[in-house]
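Structural description and commentary
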Amino acid sequence: MSFISMDFLVFFFPAALLGYYLFFFSKTMQRIWLFLTSLFFYALGAPTGFVVVLVLLLWDWIFGMLFKSRKTGGRVNVILIIGVVGNLLPVLFFKYMYEQGEFLPVGLSFVMLSGISYLSDVYAGRTTTAKNPFTLGLYLFYFPKLLAGPAVGFEEFTAQMGGQKLTLRRSAVGCCRFVTGLSKKVILADTLAQLADIVFNYSAMGRENVTVPVVMAWLGLFAFTLQIYFDISGYADMAIGLSLMFGIIMEENVNYPYRAVSVSDFWERFYISLMNWFQRYVFEPLGGKKDNMDKTVRNLFLMWLVIGMWYGVGGKFFLWCLWQFLFILAELFLGYGENNPHTALMRIYTLSVVVVGWVVFRAQDLYQAGQFYMNMFGANYNSIWNGMTGILLLEYWPYLAIGCLLCTPVAKKANNWLVNGKNGRVGRVAVTLCYPVVMAAVLLLSLGYLMQGVGKPFLYSLY
């Protein structure tokens, strides 16, 4: 099941929210209800992995309890390694051995990340052991973060669950945030995905069958650049909005990454919780940044190697992560950072590196990535422009233009200006009367797109 399916929007979520509100008299009952609905959500979306995640729950709870009786560091290190490997094995099996990852249960990778972080934090003393499997299960399977994160720690999550507070304002803000994310995903990301798919599929057919002109290749890459941003940003908005309607505050997961001034800065903005997870549970245990530059380079390389393995099968993910690593390493050596006064040039450089790298991420394999690069730079005996390029541009330019605008904080600033009430009587009228009407219109428009079959799976739920 997905957030953008009609079953979720019409049946599952209203029932989950209603049941949660009916248990207003008991936070314990609300948590049990969330745990059961989250299990049901996973069972509907990934029946092949349902038994696997229940086994992982029992596994992590038992190993967490074992840390209570630890006596020697060496023995506990072995127990920790076994516990972590137990979380890795199902993902490795489905992703690397079972039909090359084609049947990876949705959300299993994020269950794995949560399990590893829980065991690591308990072992390091950063959090207490879950007293019962229901508490741990809610952390592992909480459905707003199940498909694509955020990858939050057990301590942060339980603190939020302990302090959940249902208010009318939170519910209203959450509802608007969810609708905003839904529109980003369905109207922008999934529509732009159509353009990206057309161009990348044409390129994969080979120049003997279809000519992909230079402008068309760049147009397809531009579409994917916007698609992956609005896919992740839309999911983050929906996860935050859903949680707010349950009275739970979740941290922001995206912060206008295409305004980054370095590749390092980009990865601090693009998928914040995921990169923080790899920093905390891979980079830092390896030793993090050291005075010895050789060890720093080693630790950084190993972290990006693990990131590539997490993303999937094939050399393309390794090459894509190597591309990021090399530029981050160069910035580290050159001291290239936010203090550079040439902000505009820094943003152009960062955007160029990231966008060119997206070709490898999106292409079917390294060979097709090479063919696409050749099309981009006119090295495949292709022309600059053709009639099909004009047709695609004419059809999709509104989505490209709106996407470019919403990659900047313009909409956020306008929203804050309205909501914060610093705009006089006109602003208050706009918030009170127009804002609900606009949100309702956006919701209906998004549902219209869904009923036309536009919706596609979240990109990060596939990893």
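Up top is the structure.
Figured I'd write up the structure that's included with this text. The shown structure was predicted, so the numbers you read here are calculated from the model rather than taken from an experiment.

Attention shifts here to the overall build of the chain. Helix and strand counts for the chain stand at 18 helices and zero strands. The C-alpha radius of gyration computed for the chain amounts to 23 Å, which stays within 12% of the reference 23 Å derived for 463 residues, consistent with globular compactness. For the C-alpha atoms alone, the extent of the chain along its principal axes is close to 70 × 60 × 45 Å. Here the chain holds 463 residues, and the buried ones make up 49% of them. Long-range contacts, defined here as pairs at least 24 residues apart, represent 76% of the contacts in the chain between residues at least 6 apart. On the chain, roughly 21600 Å² of surface is accessible, and the fraction owed to carbon and sulfur atoms is 67%. Charge separation in the chain, taken as the distance between the mean sites of 33 positive and 23 negative side-chain charges, equals 10 Å.

This paragraph deals with the packing of aromatic side chains. A complete count under the given rule lists 58 aromatic pairs for this structure. Consider the rings of Phe3 and Phe41, whose centres lie 6.1 Å apart with planes at 45°: the pair is tilted. Pair noted here: Phe3 is in the segment before α1 (6-22) and Phe41 is in helix α2 (residues 27-45), with a separation of 38 residues, a long-range link. Take Phe3: its relative accessible area is 0%, and that puts it in the buried class.

Another point: the pattern of salt bridges. Think of it this way: side chains of opposite charge can pair up when their charged atoms draw near. Using the criterion set out here, one finds ten salt bridges in the structure. Two residues, Asp265 and Arg269, come together in a salt bridge whose shortest N-O distance is 3.2 Å. Highlighted residues: Asp265 and Arg269, both in helix α10 (residues 263-269), separated by four residues, approximately one helical turn. The pair formed by Asp265 and Arg269 is uniform in burial state, with each residue classed as buried. Within the structure, one salt-bridge network assembled from shared partners comprises Asp121, Arg126, Glu156 and Arg280.

The next point concerns the environment of Leu140. Along the chain, Leu140 turns up in helix α6 (residues 133-141). Of the residues examined, Leu140 reaches a relative accessible area of 1% and is grouped as buried. Separated by 86 residues in sequence, Leu140 and Leu226 have C-alpha atoms that sit 30 Å apart. Once you skip the residues sitting within four places of it in the chain, Leu140 turns out to touch Leu57, Asp60, Val111, Ser114, Gly115, Lys145 and Leu146.

For Tyr256, which is not a glycine, the phi torsion comes out positive at approximately 45°. Relative to the assigned elements, Tyr256 resides in the loop between α9 (214-245) and α10. Backbone geometry places Tyr381, a non-glycine residue, at a positive phi of 55°. Residue position: Tyr381 is located in the loop between α15 (366-376) and α16 (387-406).

Core analysis: the largest hydrophobic core is formed by 133 residues, its most contacted members being Phe3, Phe8, Phe143, Trp304 and Trp358. Ranked by residues supplied to this core, first place goes to α9 with 19 residues. With sequence-adjacent residues up to four places away left out, Phe3 is seen in contact with Phe8, Leu9, Phe41, Phe143, Pro144, Leu147, Phe178, Tyr235, Met238, Leu242 and Phe458.

Cut-offs and rules
- Residues numbered from 1 in each chain as written.
- Predicted model: local features only at pLDDT ≥ 70, side-chain atom pairs only at ≥ 80, totals over all residues.
- Heavy atoms only, no water.
- Helix = DSSP H or I, 4+ residues; strand = E, 2+ residues; numbered from the N terminus.
- Rg over C-alpha atoms; globule rule 2.2 N^0.38 Å.
- Buried < 20%, exposed > 50% of the residue type's maximum accessible area, 1.4 Å probe, protein only.
- Contact = heavy atoms within 4.5 Å.
- Areas by Shrake-Rupley, 256 points an atom, 1.4 Å probe, with all protein chains shown as cover.
- Lys, Arg positive; Asp, Glu negative; His and termini not counted.
- Charge placed at Lys NZ, Arg CZ, Asp CG, Glu CD.
- Phe/Tyr/Trp six-rings, centres within 6.5 Å; stacked < 30°, edge-to-face > 60°.
- Salt bridge = Lys/Arg side-chain N within 4 Å of Asp/Glu carboxyl O.
- Core = buried A, V, L, I, M, F, W, Y, C linked by side-chain atoms within 4.5 Å.

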